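# Examination of the molecular architecture
Here is what each chain is made of, one letter per residue.
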Amino acid sequence: MPYAVICRDKPGAIEIRKANRDAHLAYVGETGVVSLAGPFLDADGGMCGSLLILEVDSLQAAKDWAAGDPYAKAGLFESVSVEAWKKVVG
């Protein structure tokens, strides 16, 4: 089942994002459950959060995945929401 992981960066945390980007992308690739992902952008085009769509068996599995993300472990996020999601278009 798909789950959306919606993350908002802490203000001024772009250096945390940059320092952990390679580890985050490796985690995304190694876990094999991300079907769609990308950053949110602020008014100036800077990265300020993340949206990921996961294909996992349960809400708990999605929450566990989100907690294991190197970005989360590094303290990048001000907030993280994990929601069941239904693809309708695309």
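About the cut-offs
- Residues numbered from 1 in each chain as written.
- Predicted model: local features only at pLDDT ≥ 70, side-chain atom pairs only at ≥ 80, totals over all residues.
- Heavy atoms only, no water.
- Pairing = 2+ DSSP bridges.
- Helix = DSSP H or I, 4+ residues; strand = E, 2+ residues; numbered from the N terminus.
- Phe/Tyr/Trp six-rings, centres within 6.5 Å; stacked < 30°, edge-to-face > 60°.
- Buried < 20%, exposed > 50% of the residue type's maximum accessible area, 1.4 Å probe, protein only.
- Lys NZ or Arg CZ within 6 Å of the ring centre and 35° of its normal.
- Arc of directions from axis to C-beta.
- UniProt positions renumbered as here; feature names shortened; annotations may be inferred.
- Polar contact = N/O pair within 3.5 Å; in protein donor to acceptor, adjacent residues only side chain to side chain.
- Contact = heavy atoms within 4.5 Å.
- Axes fitted to C-alpha atoms, helices over the stretch in contact; angles between N-to-C directions.

### Considerations on the pairing of strand 2 (residues 34-41)
Pairing analysis gives seven bridges linking strand 2 to strand 3 (residues 47-55), with the strands arranged antiparallel. Each residue of the ladder has a partner; that of Ala 37, found in strand 3, is Leu 52. Counting the residues in the hairpin turn of strand 2 and strand 3 gives five residues, including Gly 45, whose phi is positive at 85 degrees.

### Remarks on the packing of aromatic side chains
A complete count under the given rule lists two aromatic pairs for this structure. Ring centres of Tyr 27 and Trp 65 lie 4.8 Å apart, and the angle between their planes is 35 degrees; on these two criteria the pair is classed as tilted. With a gap of 38 residues between them, Tyr 27 in helix 1 (residues 14-31) and Trp 65 in helix 2 (residues 59-68) connect regions that are remote in the sequence. Across this residue pair, the class does not change: Tyr 27 and Trp 65 are buried. The ring centre of Phe 40 lies 4.2 Å from the NZ or CZ of Arg 8, which sits over that ring.

### Points about helix 2
Helical geometry note: an α-helix holds 3.6 residues per turn, so side chains three or four residues apart project in the same direction. For helix 2, the complete set of buried residues consists of Ala 62, Trp 65, Ala 66 and Gly 68. Projected down its long axis, helix 2 carries its buried residues within an arc of 165 degrees, all on one side.

### Here we look at the UniProt feature "domain: YCII-related" (unreviewed entry) in the protein
Here the UniProt feature "domain: YCII-related" (unreviewed entry) sits at residues 1-86. Secondary structure within residues 1-86 divides into 37% helix and 38% strand; the distance between the first and last C-alpha atoms comes to 8 Å.

### Let's talk about the side chain of Asn 20
Mapped onto the elements, Asn 20 comes out in helix 1. A distance of 2.9 Å separates the side chain of Asn 20 from the backbone oxygen of Ile 16, its partner in a polar contact. Contact partners of Asn 20, with chain neighbours within four places excluded, come to Pro 70, Tyr 71 and Ala 74.

### A look at the sheet that holds strand 3
Hydrogen bonds along the backbone pair up the strands of a sheet, which may run parallel or antiparallel. Read across the open sheet, the four strands follow the order 2-3-1-4; overall the sheet is antiparallel. Bordering the open sheet on either side are strand 2 and strand 4 (77-84), each of which pairs with just one other strand. For this sheet, the mean inter-axis angle between neighbouring strands, taken without regard to orientation, is 15 degrees. In this structure, strand 1 (residues 2-9) lies alongside strand 3, joined through seven bridges in antiparallel fashion. Among the inter-strand pairings, Val 5 is bridged to a residue of strand 3, identified as Leu 52. Here helix 1 sits on the sheet in contact with strand 1, strand 2, strand 3 and strand 4, set at roughly 15 degrees to strand 3. Together, strand 1, strand 2, strand 3 and strand 4 form the strand contacts of helix 2, whose direction differs from that of strand 4 by roughly 155 degrees.

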